[in-house]
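# Fold and contact review
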Amino acid sequence: MPIGAQNTRHRVSAETVPTVIENVQNKQKYESAESSHAEQPVAQNAASELKLVLGALVVIILINLAAFHASLRGYFLADDFAHIGYLHQVFNGHADLLVKNFYSNWMQTVGTSFYRPFISITLATDYLIWGANPNGFHLTNYLYQTASSVFLFLALNTMFVSLNKKARFSTAFVAAALFACHPLHAEVVSWIIARVDSVCTTFLFLALWLYLLARRMDSSDSSGSNANASRRRLLNSLSIAAFSVSLMSKEMAITLPPTIFIYELVNSAIDPDSKRLPWKTRAANALKASMPHFITLFVYMVFRTLALGTVFGGYGGSVGDGLKESFWKRWLTEGCLWRLLFPFNDSLSGPRDFLRTVFHVTAVSALAICIARAVSARKESSPSLPLGLSPYAIFAAGWFVLALAPTIQVFDITQNLQGGRFVYLATAPVALFLAALIFGRGERPGRSISVVGALSICLSAALILSYCVLAVKNNHTWKVASRGVSNLRAGVEEELKKSPPKSKIIVLNLPPHNKGAHMLYNASMFGIALKPPLSSEDMSERVLFFEPVTFGDANLINRDRLKLLMADKNVAGIFLWNQAQEKLVEMRSWRENASAQSPDTIELGAFESKEPLEGNDALRSPDFDISSTDFDFVDIELKIERNPRTIPPEGSVLLLYWSGKTHPEFSAERYLALPLKKSDEWSRYRFSVGELKTWVSEGRISGLLLDTSEKGCKISIKSARVVKAVEEIPALAPAPELYKRIDRFGIVYPLRDLGPLVYDATRIKNAKSLTYEVSAPDSWFEHYSGTYRDRGPSKHISFEGKLENLKSDHWVLNLDRATKPAFYELRILAWDAAGKAIGYVSNPINFQLSSDYFARKNEYRTGEPK
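Nothing here was measured: the structure is a model prediction, and the numbers come from that model.

### Some details on the sheet that holds strand S16 (residues 683-687)
In space, the 4 strands of this open sheet follow the order S9-S18-S13-S16, with antiparallel pairing throughout. Every interior strand has two partners, whereas the edge strands, strand S9 (601-603) and S16, have only one. Each strand of the sheet is rotated relative to its neighbour by a mean of 25°, with strand direction disregarded. Inspection of the sheet shows strand S13 (residues 633-641) paired to S16 by 5 bridges, in the antiparallel sense. Following the sheet pairing, Val 634 is matched in S16 by Phe 687.

### Some details on the side chain of Asn 843
Structurally, the position occupied by Asn 843 is in the loop between strand S26 (837-838) and strand S27 (845-849). Overall, Asn 843 belongs to the buried group, its relative accessible area being 4%. For Asn 843, the side chain forms a polar contact with the side chain of Asp 560, separated by 2.9 Å. Separated by 3.0 Å, the side chains of Asn 843 and Arg 789 make a polar contact. If near-sequence neighbours (up to four positions away) are discounted, Asn 843 is found in contact with Asn 558, Asp 560, Leu 732, Tyr 788, Arg 789 and Leu 826.

### Here we look at empty space enclosed by the protein
Tallied over the entire structure, the rule returns 5 cavities of 30 Å³ or more. Counted as a void, the largest cavity has a volume near 80 Å³. Lining the largest cavity are 13 residues, with Ala 186, Asn 416, Leu 417, Asn 474 and Trp 478 positioned closest to its centre. Residue assignment for the lining of the largest cavity shows that the elements contributing at least two residues are helix H7 (186-190) and helix H18 (451-498).

### Brief notes about the side chain of His 138
Within the secondary structure layout, His 138 lies in helix H5 (residues 134-158). With relative accessibility at 1%, the residue His 138 sits in the buried group. Setting aside anything within four residues of it in sequence, one finds His 138 in contact with Ser 71, Leu 72, Gly 74, Tyr 75, Val 189, Ser 190 and Ile 192.

### Things to note about the packing of aromatic side chains
Tallying each qualifying case throughout the model produces 35 aromatic pairs. An angle of 70° between the planes, with centres 5.9 Å apart, marks the rings of Phe 179 and Phe 205 as edge-to-face. Taken together, the positions of Phe 179 in helix H6 (residues 165-180) and Phe 205 in helix H8 (residues 195-220) put the pair 26 residues apart, joining distant regions of the chain. With a relative accessible area of 0%, Phe 179 lands in the buried category. Exposure remark for Phe 205: the relative accessible area of 0% places this residue in the buried category. Relative to Tyr 521, the ring of Trp 191 lies with its centre 6.1 Å away and its plane at 90°, an arrangement referred to as edge-to-face. A residue pair is termed long-range when its members are at least 10 positions apart, and Trp 191 in the loop between H7 and H8 and Tyr 521 in the loop between strand S5 (517-518) and helix H19 (523-528) qualify at 330 residues. In terms of burial, Trp 191 and Tyr 521 fall into one category: buried. Chaining the aromatic ring pairs together yields one cluster made of Phe 160, Phe 179, Phe 205, Tyr 263, Tyr 392, Phe 395, Trp 399 and Tyr 424. Here the guanidinium or amino end of Arg 116 rests over the ring plane of Phe 114, the centre of that ring lying 4.1 Å away. Above the plane of the ring of Phe 633 lies Arg 686, whose end atom (NZ or CZ) is 4.1 Å from the centre.

### As for the pattern of salt bridges
Inspection of every chain in the model, using the stated rule, returns 36 salt bridges. Notably, a salt bridge pairs Asp 630 with Lys 563, separated by 2.5 Å at the nearest N-O pair. Of this pair, Asp 630 sits in the loop between strand S12 (626-627) and S13 while Lys 563 is found in helix H20 (residues 559-566), placing the two residues 67 residues apart along the sequence. Under the relative-accessibility criterion, Asp 630 is labelled buried at 3%. Its salt-bridge partner being Glu 637, residue Lys 718 comes within 3.8 Å of it at the nearest N-O pair. Of the two residues, Lys 718 sits in strand S18 (residues 714-723) while Glu 637 sits in strand S13, which places them 81 residues apart along the sequence. Within this structure, Asp 635, Arg 684, Arg 686 and Glu 728 form a network of salt bridges that share partners.

Rules of the game
Residues numbered from 1 in each chain as written. Predicted model: local features only at pLDDT ≥ 70, side-chain atom pairs only at ≥ 80, totals over all residues. Heavy atoms only, no water. Pairing = 2+ DSSP bridges. Helix = DSSP H or I, 4+ residues; strand = E, 2+ residues; numbered from the N terminus. Axes fitted to C-alpha atoms, helices over the stretch in contact; angles between N-to-C directions. Buried < 20%, exposed > 50% of the residue type's maximum accessible area, 1.4 Å probe, protein only. Polar contact = N/O pair within 3.5 Å; in protein donor to acceptor, adjacent residues only side chain to side chain. Contact = heavy atoms within 4.5 Å. 1 Å grid on protein atoms, 1.4 Å probe; cavity = no way out; pocket = protein on both sides within 12 Å on 5 of 7 lines; lining within 4 Å. Points joined across faces, edges and corners; volume = space filled by probe spheres on them. Phe/Tyr/Trp six-rings, centres within 6.5 Å; stacked < 30°, edge-to-face > 60°. Lys NZ or Arg CZ within 6 Å of the ring centre and 35° of its normal. Salt bridge = Lys/Arg side-chain N within 4 Å of Asp/Glu carboxyl O.

Any link to function would need more than the numbers given here.
Set out below in structure tokens:
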């Protein structure tokens with residue numbers, strides 16, 4: 001190149017440099033302005049979405065408050081008392097008990113196997129802040145319910161990012177709002193210890209939300225910056241931590257890893273980057289994504305198994321056996337699953353209740369809207385799921401199955417909604433499924449709200465409102481239950497203060513529930529209410545009870561023990577709880593009954609036609625006056641006259657009502673039913689009334705009324721009598737020397753062997769021998785049969801044996817064959833010469849063998865006890 005030309009080139013370039021720089025600067029300014037204009041709508045959208053989310057959270061919090069505000073002023077109920085007693089120990093020199101929960105059975109309870117150490121931490125925190133003030137505990141329960149609803153919304157609103165934003169937000173909000181005021185949640189919110197479900201679910205939803213945030217950051221970050229990677233690791237670590245807390249709250253948390261797997265699988269069907277992949281690859285990716293949580297679950301299961309000594313845990317003894325026997329009945333034939341959609345308490349609302357109609361209409365409307373969206377989706381070439389289904393609906397269906405799986409042993413929602421806590425988590429996918437049916441995939445982009453969209457909004461509002469109204473109604477029973485237990489405690493304290501200082505009183509019946517709301521399962525729980533920190537002084541030893549040891553039929557009573565205590569001069573009064581009036585009333589004529597002697601049989605005379613209780617021609621006995629504490633049975637020989645053309649309906653029953661001094665009127669609260677025989681011949685019916693508190697607590701019985709559930713039939717009575725079955729029931733009782741080893745609940749605590757005991761079967765006709773049987777650990781014979789009056793031996797035993805004589809004043813039962821710390825029951829049974837059981841089994845004796853008992857017994861074997 002010529003030198004001149006080269007110089008010219010250099011000169012031109014030098015001259016154009018300022019122009020080039022100016023052009024570059026102008027371009028940068030333009031691009032910067034363009035970028036600024038582009039970022040402004042994004043920032044505005046983000047701010048708008050944040051306001052929308054915050055507004056939704058405020059509404060969800062207010063919905064919780066509207067539905068469950070009455071719970072904030074509740075009292076302690078049922079198992080709550082056991083935990084208050086436990087916390088009182090913790091804060092009075094036994095803080096090690098909290099630590100022990102992390103490596104052993106929860107609260108070291110006999111008869112159950114659970115690993116829930118974090119629940120005790122939440123309760124201890126409440127106790128530290130509020131002491132024994134129940135309002136503080138109830139506030140915490142409400143906050144966990146609210147937190148569960150909030151984290152559910154946040155998690156659902158973070159799912160399925162490729163879905164229409166409005167549909168995603170609407171579905172998440174309505175699902176969380178329905179969960180917030182679900183009528184089945186009254187049990188979890190209003191019963192303090194039922195927070196095991198809300199605490200577990202709160203941290204489960206939090207773990208799910210944190211996981212989804214990390215996944216969203218992972219999918220939206222293409223730069224791979226270290227800062228974003230650190231944030232993702234932090235979110236994943238926090239998710240694992242929340243999941244771990246959830247696992248330490250309740251076993252239900254094991255559902256999170258498979259829930260994440262199902263979500264990833266469903267999301268891969270609509271995600272643009274994943275839906276082209278084969279299903280096997282999608283499944284592998286879903287498993288990979290959920291693997292950290294599966295590993296955490298595996299570690300938890302290993303540690304839990306080592307701590308409990310069992311993989312499964314749960315309820316043992318006769319309670320566990322009862323759950324096994326009723327498995328199919330509870331799952332398939334009692335309508336429990338149906339109550340997840342229609343959560344009505346049958347004791348509060350009848351079949352024609354207006355809200356029931358609203359629920360049915362909204363359910364049908366949701367299905368109709370779903371069908372309408374499916375028809376509309378057929379006109380679109382949609383790459384998404386078929387029939388216009390929302391991915392939320394598919395996810396909810398799988399999630400529902402997972403949420404119910406851990407409840408397989410205990411699942412039971414009764415007609416009055418007891419057991420609603422078992423499906424607390426499962427109500428989330430149910431609410432989500434309803435919301436997904438209503439909103440589907442949402443409206444097409446750029447399209448105004450359609451008729452279906454407007455109907456969806458209206459239907460959602462109606463559904464949330466009806467849920468909220470029903471939740472308030474269902475929750476009212478818990479408010480009444482709390483007030484009742486509080487009044488009962490106050491009433492017992494008042495009677496004790498009026499009695500001589502060293503005297504005792506008997507409380508015959510503690511209220512087990514109020515229309516589905518738990519009150520008191522057993523006497524040991526209520527005993528805690530009568531000592532610090534719930535009472536100013538310890539009065540618990542001055543009250544004697546006749547309740548089940550742990551669980552069971554609260555209407556059964558060991559009348560032999562009652563008669564023994566009635567003769568005790570230190571007993572100042574016998575009381576029963578009047579549920580309707582919410583006060584203690586004294587049993588009438590109990591002192592008279594203590595000294596009275598009744599014949600073995602009393603004929604009752606001819607019955608007369610009276611106004612029926614069941615719509616038939618009822619028969620009433622003549623007025624009489626007999627002791628309620630002396631007789632075992634009412635025997636009636638009768639004949640049923642039916643229309644020859646009618647077929648007796650299945651399940652018909654014969655009903656016996658009674659009145660007495662305590663309750664002079666006949667009532668549906670005091671009756672006994674027996675299956676009605678189809679025969680038209682004379683038949684004998686035996687009503688086992690002497691084992692029922694509702695009979696015994698009357699003091700004096702003054703009349704009987706006989707009725708049937710079968711319509712259009714006539715009853716003819718040949719004879720009616722009350723019977724003291726001394727010739728059919730062998731007597732079994734502790735000897736006087738053993739009284740000091742019996743607690744206020746009637747439980748014997750042996751030092752070495754059980755005894756001395758007194759038994760007598762000499763009056764049993766044709767009795768030639770006696771056998772005894774000891775129940776299986778933590779099992780009670782009456783749990784299996786529903787009565788103390790079994791007519792044969794049980795198969796649910798630890799061991800059995802034969803007695804040498806028909807009578808003894810000093811029998812000692814060797815307990816070497818009892819090998820496990822537990823509660824047990826002992827009873828005896830008479831046999832004839834042919835080896836046939838005759839009469840009935842005796843009333844049982846309850847005894848407990850503790851860990852200390854076995855340690856002490858081992859010391860006796862090796863030498864002198866320390």
